[in-house]
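# What the coordinates show
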Amino acid sequence: MNDRRREQTKFKPVPRLCQWLQRQFIHEDQRTSLVSIFLTTLAAVAFVFGISNLVYFDLYLLGFIELAFFVGIVAGLIDLRRNKAVDRVAWLTVIAFGAISLVFYVYIQGAYNASIWLLWFPFVAFFLLGTQRGLSAVAVYGLIVIVIVFLNFRQWPSISEVETLSNIFGALAAVTWMTFYQARITEQAYRRISELAHTDVLTGISNRRSFVQRFDTARAARASRHQRGALLLADIDNFKEINDTHGHAAGDAVIKEVSNRIATAIRQGDIVGRLGGEEFGVLLLDCDGDEAVARADELRTRIAGEAIADEFQVTVSIGVASMNGSRDEFTAVFAAADEGLYKAKAAGRNRTVLGHPNKSRFDAQ
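Cut-offs used in this document
- Residues numbered from 1 in each chain as written.
- Predicted model: local features only at pLDDT ≥ 70, side-chain atom pairs only at ≥ 80, totals over all residues.
- Heavy atoms only, no water.
- Patch = residues over 30% accessible without salt bridge, like charges linked within 9 Å, V, L, I, M, F, W, Y side chains within 5 Å.
- Areas by Shrake-Rupley, 256 points an atom, 1.4 Å probe, with all protein chains shown as cover.
- Salt bridge = Lys/Arg side-chain N within 4 Å of Asp/Glu carboxyl O.
- Helix = DSSP H or I, 4+ residues; strand = E, 2+ residues; numbered from the N terminus.
- Buried < 20%, exposed > 50% of the residue type's maximum accessible area, 1.4 Å probe, protein only.
- Expected span 1.5 Å × (residues − 1).
- Pairing = 2+ DSSP bridges.
- Axes fitted to C-alpha atoms, helices over the stretch in contact; angles between N-to-C directions.
- Lys, Arg positive; Asp, Glu negative; His and termini not counted.
- Polar contact = N/O pair within 3.5 Å; in protein donor to acceptor, adjacent residues only side chain to side chain.
- Contact = heavy atoms within 4.5 Å.
- Core = buried A, V, L, I, M, F, W, Y, C linked by side-chain atoms within 4.5 Å.
- Arc of directions from axis to C-beta.
- Parallel < 35°, antiparallel > 145°, perpendicular 65-115°, else oblique.
- Nonpolar A, V, L, I, M, F, W, Y, C, P; charged D, E, K, R; others polar.

Attention shifts here to a nonpolar patch on the surface. A cluster of nonpolar side chains, Val45, Phe47, Val48, Phe49, Ile51, Val55, Tyr56 and Phe57, forms an exposed patch at the surface whose accessible area comes to about 770 Å². Along the chain, Phe47 falls in helix H3 (residues 28-55). Look at Phe47 and you get partly exposed, because its relative accessible area is 38%.

The end-to-end C-alpha distance of helix H12 (residues 330-346) is 24 Å, a good match for the 24 Å that 17 residues give at a rise of 1.5 Å each. The buried fraction of H12 amounts to 12 of the 17 residues, a majority that puts the element mostly inside the structure. Among the residues making up H12, those that are buried are Phe330, Val333, Phe334, Ala336, Ala337, Asp338, Glu339, Gly340, Leu341, Tyr342, Ala344 and Lys345. Trailing H12 by a residue or two, Gly348 shows a phi angle of about 120°, which is positive.

The strand order across the open sheet formed by five strands is E2-E3-E1-E4-E5, and the pairing between neighbours is mixed. Strand pairing shows two members of the sheet lacking a second neighbour, strand E2 (271-276) and strand E5 (352-354), which therefore form its edges. Across this sheet, the average inter-strand angle for adjacent strands is 20°, counted without regard to direction. In the sheet, strand E4 (residues 316-322) pairs with E5 via three bridges, with the strands oriented parallel. Residue pairing for E5: Ile318 is matched across the bridge by Thr352.

Among the structural elements, Glu66 can be located in helix H4 (residues 60-83). Buried charge Glu66 goes without a salt bridge, the closest partner of opposite sign being Arg88 at 25 Å. A polar side-chain atom of Glu66 sits 2.6 Å from a polar atom in the side chain of Asn53. Apart from the residues within four sequence positions on either side, Glu66 is in contact with Ala46, Phe49, Gly50, Asn53 and Ile100.

Turning to the nonpolar core, a few remarks are in order. Val94, Tyr105 and Phe121 are the most contacted members of the largest nonpolar core, which totals 40 residues. The element that contributes the greatest number of residues to this core is helix H6 (residues 112-152), accounting for 14 residues. Of all hydrophobic cores here, the second largest spans 28 residues; its members include Ala234, Ala296, Ile308 and Ile318.

Considered for burial, the residues of helix H9 (residues 239-246) that qualify are Phe239, Ile242 and Asn243. The arc enclosing the buried residues of H9, seen along the axis, measures out at 95°, which places them on a common side. Facing away from the buried side of H9 by over 90 degrees, the exposed positions are Glu241, Asp244 and Thr245. A positive backbone phi angle near 95° is found at Gly247, which sits one or two residues after H9.

One can describe the packing of H4 onto helix H5 (residues 86-107) by two numbers: an axis separation of 10 Å at closest approach and a directional angle of 175°. It follows from the interaxial angle that H4 and H5 lie roughly antiparallel. Residue-level inspection shows Leu61, Leu62, Ile65, Glu66, Phe69, Gly76, Asp79, Leu80 and Asn83 of H4 in contact with H5, the latter providing Val86, Arg88, Val89, Ala96, Phe97, Ile100, Val103, Phe104 and Tyr107. For the contact of H4 with H5, the residue count by class is 13 nonpolar, two polar and three charged.

Purely geometric numbers; function is a separate question.
Printed below as a string of structure tokens:
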């Protein structure tokens, strides 16, 4: 058992770089913070422009519209802080920004300084909504601009020339393409970082961090529906001998095949993850007690049923812990399963043992 613990320390479920990237980029709270900072900046700009138009330029209608936009952003920030409704606030901000930029464009009859605000809309849309929804918003916005220009082409001197219109729409198309491309690259990087932070590199299943997060999510859902559950800890027997005798490449091949056999044996909805080294966790939903032990035994038999690479006859020991309460913390359930796993190892390996809640393997010694 000590060999198992020592071997686990050689494997880091998530590299330190991925942990840092995860903390920086992939939390929902991080997205909320970015949106909050952006809206705060936008509110400040709207307030300054609104006061300036009212006090210095006597543009009362435009000034009141900008101040109304400022009030709307403040309300959105309050909603964001209280309800964390990022998508709703993002959509409302994009719509409001698009509306005020179009009002400003119409108000000063398409002058060049108004056209600059049109170019900001793609950036705002892609930043807050992402590529797919942002592209839809930009397409609708572009159609509205085309309609406005078409209806006022001969009345507004600033857009009466074809060269002027080609510059405006050319710039809008170029900015749209550049911001779309940048947003797409950012989303791809986000997905890659998320994959690295949540997936075990060797096996492709959840790593320990992701498994614990999914465990907590499933636990909360199970508690609300009064469903049963069980945690299995499966550890490859005598794995250190495989590494010492045949090398780490052979050990990796064994881990990958055992992982594959576990993943293909569990039911849809069950959760599997590599917790470290040669140890795997399996969360069985709507199953506990003797039924969980029986399913764990089926899994153990399936793993041992066929040699890996026609060379390694691998077995596993499994500890089982039932989730009986509505507030089963991972550490408590893990300790019970770990106690069962320790007993399985001590009894000769290649067997399944049910652990007891509120009892660790150290209590069993």
